Number of protein chains: 2
Amino acid sequence: MTTYEAPLDEMQFVIRELAALDTLTALPEWRDIDAETVNAVLQEASRFASEVLAPLNQTGDQRGVICKDNHVITAPGFREAYQRYVTSGWNRLGFDEDYGGQSMPNLVGAAVQEMWKSANLAFSACFQLTQGAAEAILQRSTEEQRKKYLPAMIEGRWTGTMNLTEPQAGSDLAAVRTRAVRQEDGSYRLFGQKIFITYGEHDLAENIIHLVLARTPDAPPGVKGISLFIVPKFLVNDDGTLGSRNDAFCLSVEHKLGIHGSPTCVLSYGDQGGAVGYLVGEENRGLEYMFTMMNVARISVGLEGVAIGERAYQQAREYARTRVQGRDVSGSDQSVPIIRHPDVRRMLLLMKAQTEATRALAYVVVAARDLAGHHPDEQIRQRNQAFVELMTPIVKGWSTETGIEIASLGIQVHGGMGYVEETGAAQHWRDARITTIYEGTTGIQANDLIGRKIARDQGITIRAVLEEIRAFASQLEAQDASLLSIKNSLVQGADALAAATEFILTSFQADPRRVMFGAVPFLKLFGIVAGGWQLARGAKISAARLGEGKGDPAFYKAKIATARFFAEHVLAIAPGLAHAVIHGGEVDGLLSDDQL
Amino acid sequence: MTTYEAPLDEMQFVIRELAALDTLTALPEWRDIDAETVNAVLQEASRFASEVLAPLNQTGDQRGVICKDNHVITAPGFREAYQRYVTSGWNRLGFDEDYGGQSMPNLVGAAVQEMWKSANLAFSACFQLTQGAAEAILQRSTEEQRKKYLPAMIEGRWTGTMNLTEPQAGSDLAAVRTRAVRQEDGSYRLFGQKIFITYGEHDLAENIIHLVLARTPDAPPGVKGISLFIVPKFLVNDDGTLGSRNDAFCLSVEHKLGIHGSPTCVLSYGDQGGAVGYLVGEENRGLEYMFTMMNVARISVGLEGVAIGERAYQQAREYARTRVQGRDVSGSDQSVPIIRHPDVRRMLLLMKAQTEATRALAYVVVAARDLAGHHPDEQIRQRNQAFVELMTPIVKGWSTETGIEIASLGIQVHGGMGYVEETGAAQHWRDARITTIYEGTTGIQANDLIGRKIARDQGITIRAVLEEIRAFASQLEAQDASLLSIKNSLVQGADALAAATEFILTSFQADPRRVMFGAVPFLKLFGIVAGGWQLARGAKISAARLGEGKGDPAFYKAKIATARFFAEHVLAIAPGLAHAVIHGGEVDGLLSDDQL
């Protein structure tokens, strides 16, 4: 069994120094919250993650879930842990106080989410789905629906799901076929099959509130004819008690590569006369509603990349410190812990630097979301909203791609032991592999980035970000070799990103295929430049703190060294990626489908 | 169930055009072999791989092996398939005719091996281990030992194993503790435990010949006190029949991430009084003998990277052609097969281009091995031997790292279905993950490359290779945009490799830690430059064939487009990797072990 300890110092550094928690706690919304409160929340969450969730991570992987007679039984220990999660009030953290929530900034919620995901990714999916479903109801439902469903969901007594995918409708939701027929009482009856439904059925809570995309009989074709419905597993009486079992059943669960503890269900609606559903908002606007939530969900999945990276890094570091093998390359006959070997150090630093870069970027984006939602100044809200929208596909796509790479390095550090399942290193890699797929593949993220966030925006937001990066780099005084390297790499990276961006803006209209061919390399380029920027900001602040003689010098020195490593080993490939974006698209037209 | 079809046209192109089969068949050793014979062998092997081995790939993954009472039972169908493999004579292919072999060039053997590995990686390990053990006996044993063990091993009636690893001795074989005590009759008794023994026990063949590293009581410490022993599972009588069961038993098998069909055994020697063993060659030279074979084994593992890449690519391409989802980015309301989407094409090309690059390099190196072994001119033998030694860690390290990346892309092309185990895409990724670990991790390969093959060689061989690459690039007439791009990228790549090489040669003595810190980035840099070189050679030949109006124009056009894709998307990052090698090592000294 492997352990997990939240990197609290690092999280606090990012929350306070890079994501500017004090700017948030100065807002009316969060005036009652101070750094001490946040500290206490993170401490408690850390303990819960280490003591309750982390010990069940391997259990979930090894025991998986059992589906029998439409019921799903989760792994041993999951029910008890879920009860502790609910009674400890963790599910309330980010929600509106009006419905029983605790109204913490999303920035704090992001750190807590990261802990849950590091500790037990498969388990954490249940919390996240409930949160997403509750958000949708909060934003789009009637007050009556909110009062009926939200308190129990926010408490965690009931969980939630998102039902999008059907066998013929994966990335392309225009192809959704599930039918919803309006009844005389204003409710609907749903008929159809949904697949890949995370926690679509389980034994953790007394009710499940499904949010389901479906078509009414007279809906227009394509994405403009899809509506969103609340379909409870058990109907809810007016007094809040549970009524009859609805006609929504789990047929089977998938046998997956990873996240075995998380049931991925095939759900059948309406086999026995129709599943009772209630329209959310207006008919035919379901996809629009879903997309609002999806951006939040995408950042959450981005945090999964960070979380798996952290967990894999902790495990590899521990192994490297204790496994004795081989002699020091500098000479001596003594065997040494493998952490002394240059390539093992390089791998650990690649894990550490990339985890810190993805975390810093994700938290900064979440803080911008908080500002976009709650700052009194309209202009500041808009500017932050534009930043969040631009960066969401990068946080999702780049952090998850990077998380898989980090988990793979974690196996490599273990050598042969990494290939043995009992060690636990391989589980992180298998678990991580879903993160670049669900909530929109990396390709979907990259298309969103280029099509909606850059071309449609005519480059306004990305140019502003580039300007900010360059202004920051120009102010980065090169006091020592490390800061100089960081500065040079960041300037070179920003130049590469700017060149690729201009190529996209000038070519997208005339030749969208050619531009889209480089979408994923562009997303990765943007990711490493944005991540390098955040690490460089951290290095600058660390240098200042060292100069002031404040805090732990070892911590700040490590921040600078890590940023430098990232600059030399990761950011250095930025020009190569820009080359692929700008020059790589012409190949697309040279090969027919048959020649592939 | 997924299918496999050997890429015969591509293999023939590489064998004939890049690896110059005719140079080999002109040698006395292979005078009886012509292109027709080779063609027939490849055709037959392709059929055997598709019909016999490939259908058992998923069976092996799902059923695994069972270890009970010291016996190992392989997956259903494996026994029958192994029998067909033996009776078809496939095991004899590369061996000396004197002991029942067919004496084919290794170049042909490499293509056949690739097919076995693509079709069923877990199964193919059994053949490969037998081959390695037989090679060791052939090269290092007495004629008496050869006559006793080789005919049955070459036929395939008996299999072989390599016993190196012990719990405390993984990458560091100096730590081997298994004891071998000499007896009055000249034999030895062995005592100790070996782990990670591939096909250390199984039910496929009637006997298993273990090759075991152990120490005699008076041996010097470290690597200079290790000897190599033949330890048969059943002792062999003088008439070749099987005698009594030896004291070597399987205690358990590992529960692994992948290659479930291949038993990875814990073997215990001497629990019941001592396992009978016979010294190979001289005492204390075991590691030296093992290293000779290890180079061959490393190229074989490199071919596993190629093979998994090919298999994953075939499966992803098939899925992309048949899965209909989303609309063409260029417009139109029709749903299209996902192969039309630019990012899916990019992924497929990244799979195809890297598979072809790793294959071309591996086959060229194997052909050089054939020349090194059999060319009548001593100078040519030496030059080729130096080339093989330089390139072996690259074929092993780069092809396997790339194979994992390709298998991951294969999952990504499948979207959510890629995460469902039944689809089969995930198995390739899990199976591939061992290849960067066994037979020496990528870090070990990179250290070997820098320490033994470049620094100790004072850069003579690598400089000659660089000169050859540059001479080739200068002759590459840029007839069209693709050849021009290929030429420019190759020149830039060679410059980057040259700069990194000079850094290594000037800094290694003074600061080996700093140089070794960049060993793996250097290995990858060398890999992409060498692979890009081979693809560029293929593009040049293809342009010539197109000019001559020979062969299938679609095939040659695809070769040129694929080489161009590799140049723009892969080779383009060469300068970034060189930067990491040259500037990235200083970070090593900035962090203590505690700060990692």
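Computed from a predicted model, the values in this text were never measured in an experiment.

Caption draft 1: Just the overall build of chain A, in detail. From N to C terminus, chain A includes 19 helices and 14 strands. Its C-alpha atoms give chain A a radius of gyration of 24 Å, within 12% of the compact-globule value 25 Å for 596 residues. Out of the 596 residues belonging to chain A, those deemed buried represent 60%. Contacts spanning at least 24 positions in sequence make up 76% of the contacts within chain A whose residues lie at least 6 apart.

Caption draft 2: Region of the structure containing the interface of chain B and chain A. Contacts between the two partners involve 70 residues from chain B and, on the opposite side, 70 residues from chain A. Taken together, the residues of the side of chain B that touches chain A break down into 32 nonpolar, 21 polar and 17 charged.

Caption draft 3: Highlighting helix α19 (residues 574-583) of chain A. The element α19(A) is extensively covered by neighbouring structure, given that 10 of its 10 residues are classed as buried. Within α19(A) the residues assigned to the buried category are A574(A), P575(A), G576(A), L577(A), A578(A), H579(A), A580(A), V581(A), I582(A) and H583(A). In the core, the buried residues of α19(A) are packed alongside α15 (481-507) and α17 (519-548) of chain A together with α15 (481-507), α18 (553-569) and α19 (574-583) of chain B.

Caption draft 4: The arrangement of the environment of L190(A) in detail. Residues and elements named next belong to chain A. Here L190 is to be found in strand β5 (residues 188-198). Note: C-alpha distance between L190 and D271 (81 residues apart in sequence) is 9.4 Å. Beyond its immediate stretch of four places on either side in the chain, L190 contacts T178, R179, A180, V212, A214, F229, V231, Y269, G270, G274, A275 and G277.

Caption draft 5: Region of the structure containing the confidence of the model for chain A. The predicted model of chain A averages 96 in pLDDT, with 100% of residues at 70 or higher. Interface confidence for the predicted complex, given as ipTM, is 0.98, next to a pTM of 0.98.

Caption draft 6: Representation of the relation of the copies chain B and chain A within the structure. In the superposition of chain B on chain A (RMSD 0.0 Å, axial shift 0.0 Å), the rotation amounts to 180°. What the superposition gives is, in effect, a two-fold axis relating one chain to the other. When C-alpha positions in chain B are compared against the rotation axis, the closest is assigned to I573(B), at 2.8 Å. The residues that chain B uses at the interface reappear at the interface of chain A in 100% of cases, marking a shared surface.

Caption draft 7: Highlighting the environment of R285(A). All names here are of chain A. Tracing the backbone through its elements, the reader meets R285 in the loop between β12 (275-280) and α9 (286-322). By C-beta crowding, R285 is classed as partly exposed, having 16 other C-beta atoms within 10 Å. Taking the C-alpha atoms as reference, R285 lies 7.4 Å from G225; in sequence the two are 60 residues apart.

Caption draft 8: Broad picture of the pairing of strand β7 (residues 227-232) of chain A. Residue and element names in this part refer to chain A. With six of six residues buried, β7 lies mostly within the body of the structure. By the alternation rule, side chains of β7 split into S227, F229 and V231 and L228, I230 and P232, which are all buried. Here strand β6 (residues 207-214) pairs with β7 via six bridges, running antiparallel. Bridged to L211 within β7 is I230.

Caption draft 9: A look at α9(A). Taking 1.5 Å of rise per residue, 37 residues should cover 54 Å, and α9(A) covers 53 Å from first to last C-alpha, within 8% of that figure. Burial analysis of α9(A) places 28 of its 37 residues in the buried class, the great majority of the element.

Caption draft 10: Fine view of the pairing of strand β9 (residues 242-245) of chain B. All names here are of chain B. Relative to β9, strand β8 (residues 234-236) is paired through two bridges, and the arrangement is antiparallel. Following the sheet pairing, V236 is matched in β9 by L242. Turn length for the β8-β9 hairpin, with the two strands adjacent in sequence and antiparallel, is five residues, and the turn residue G240 shows positive phi of about 90°.

Caption draft 11: View of the environment of Q427(B). Residues and elements named next belong to chain B. Among the secondary structure elements, Q427 is positioned in helix α12 (residues 425-432). Note on Q427: 29 C-beta atoms within 10 Å, which makes it buried. Taking the C-alpha atoms as reference, Q427 lies 9.4 Å from I411; in sequence the two are 16 residues apart. Once residues within four sequence positions are removed from consideration, Q427 is found in contact with Q58, D61 and G258.

Caption draft 12: Up close: the nonpolar core. Judged by nonpolar contacts, the single largest core of 409 residues is most densely connected at F229(A), Y363(A), L525(A), F229(B), Y363(B) and L525(B). L525(A) has contacts with A496(A), L497(A), A500(A), A574(A), L577(A), A578(A) and V581(A), leaving out every residue within four places of it along the chain.

Caption draft 13: Just the packing of helix α10 (residues 342-374) of chain A against α17(A), in detail. Residues and elements named next belong to chain A. Close contact between α10 and α17 brings their axes to 8 Å; oriented N to C, the two are set at 90°. Our classification of the angle between α10 and α17 gives roughly perpendicular. Touching E356, A357, T358, A360, L361 and V364 of α10 are A530, G531, G532, Q534, L535 and G538, all from α17. Partitioned by chemical class, the residues of the contact of α10 with α17 number six nonpolar, five polar and one charged.

Caption draft 14: Representation of unusual backbone geometry. All names here are of chain A. Although it is not a glycine, D69 sits at a positive phi angle of roughly 50°. On the neighbour-count criterion, D69 (6 C-beta atoms within 10 Å) is exposed. Non-glycine residue N284 carries a positive phi angle of around 70°. According to the C-beta neighbour criterion, N284 is partly exposed, with 18 such atoms within 10 Å.

Caption draft 15: Local environment of the packing of helix α6 (residues 106-119) of chain B against helix α9 (residues 286-322) of chain B. Residue and element names in this part refer to chain B. Orientation of α6 relative to α9, taken along the N-to-C sense of each, is 55°, at an axis distance of 8 Å. As judged from the angle between their axes, α6 and α9 are oblique. Here α6 and α9 pass one another in a crossing that is right-handed. Facing α6, whose interface residues are A110, Q113, E114, K117 and S118, α9 presents S300, L303, E304, V306, A307, E310 and R311.

Conventions used here
- Numbers given to residues run from 1 along each chain, matching the order in which its sequence is written.
- Chain letters and ligand numbers both follow the written order, the letters beginning at A and the numbers at 1.
- Selection of residues for local features in this predicted model requires a pLDDT of at least 70, selection of side-chain atom pairs for listing and counting requires 80 or more, and totals for whole chains, interfaces and linings are taken over all residues.
- Only DSSP runs of H or I reaching four residues or more are called helices, and only runs of E reaching two or more are called strands; each is numbered from the N terminus.
- Each radius of gyration is computed over the set of C-alpha atoms, and the globule rule expresses the reference value as 2.2 Å times the number of residues to the power 0.38.
- The burial criterion counts other C-beta atoms lying within 10 Å of a residue's C-beta, which is placed from the backbone; the residue is buried at 20 or more, exposed at 12 or fewer, and partly exposed between these limits.
- Residue pairs qualify as contacts under a 7 Å threshold applied to their C-beta atoms, which are placed from the backbone.
- Residues are grouped as follows: Ala, Val, Leu, Ile, Met, Phe, Trp, Tyr, Cys and Pro are nonpolar; Asp, Glu, Lys and Arg are charged; all remaining types, including Gly, are polar.
- What pLDDT conveys is the predictor's confidence in a given residue, as a value from 0 to 100.
- Least-squares superposition aligns the copies on the C-alpha atoms of those residues with pLDDT at or above 70 in both.
- Pairing between two strands requires that DSSP report at least two bridges joining them.
- A helix is expected to span 1.5 Å for every residue after the first.
- Think of a nonpolar core as buried Ala, Val, Leu, Ile, Met, Phe, Trp, Tyr and Cys residues chained together by C-beta atoms that fall within 7 Å.
- Where helices are involved, their axes are fitted lines through C-alpha atoms of the stretch in contact, as for all axes, and angles between N-to-C directions lie from 0 to 180°.
- The scheme is simple: roughly parallel for angles under 35 degrees, roughly antiparallel for over 145, roughly perpendicular for 65 to 115, oblique for anything else.
- Note on convention: near helix rotated counterclockwise from far helix by under a right angle means a left-handed crossing. Clockwise means right-handed.

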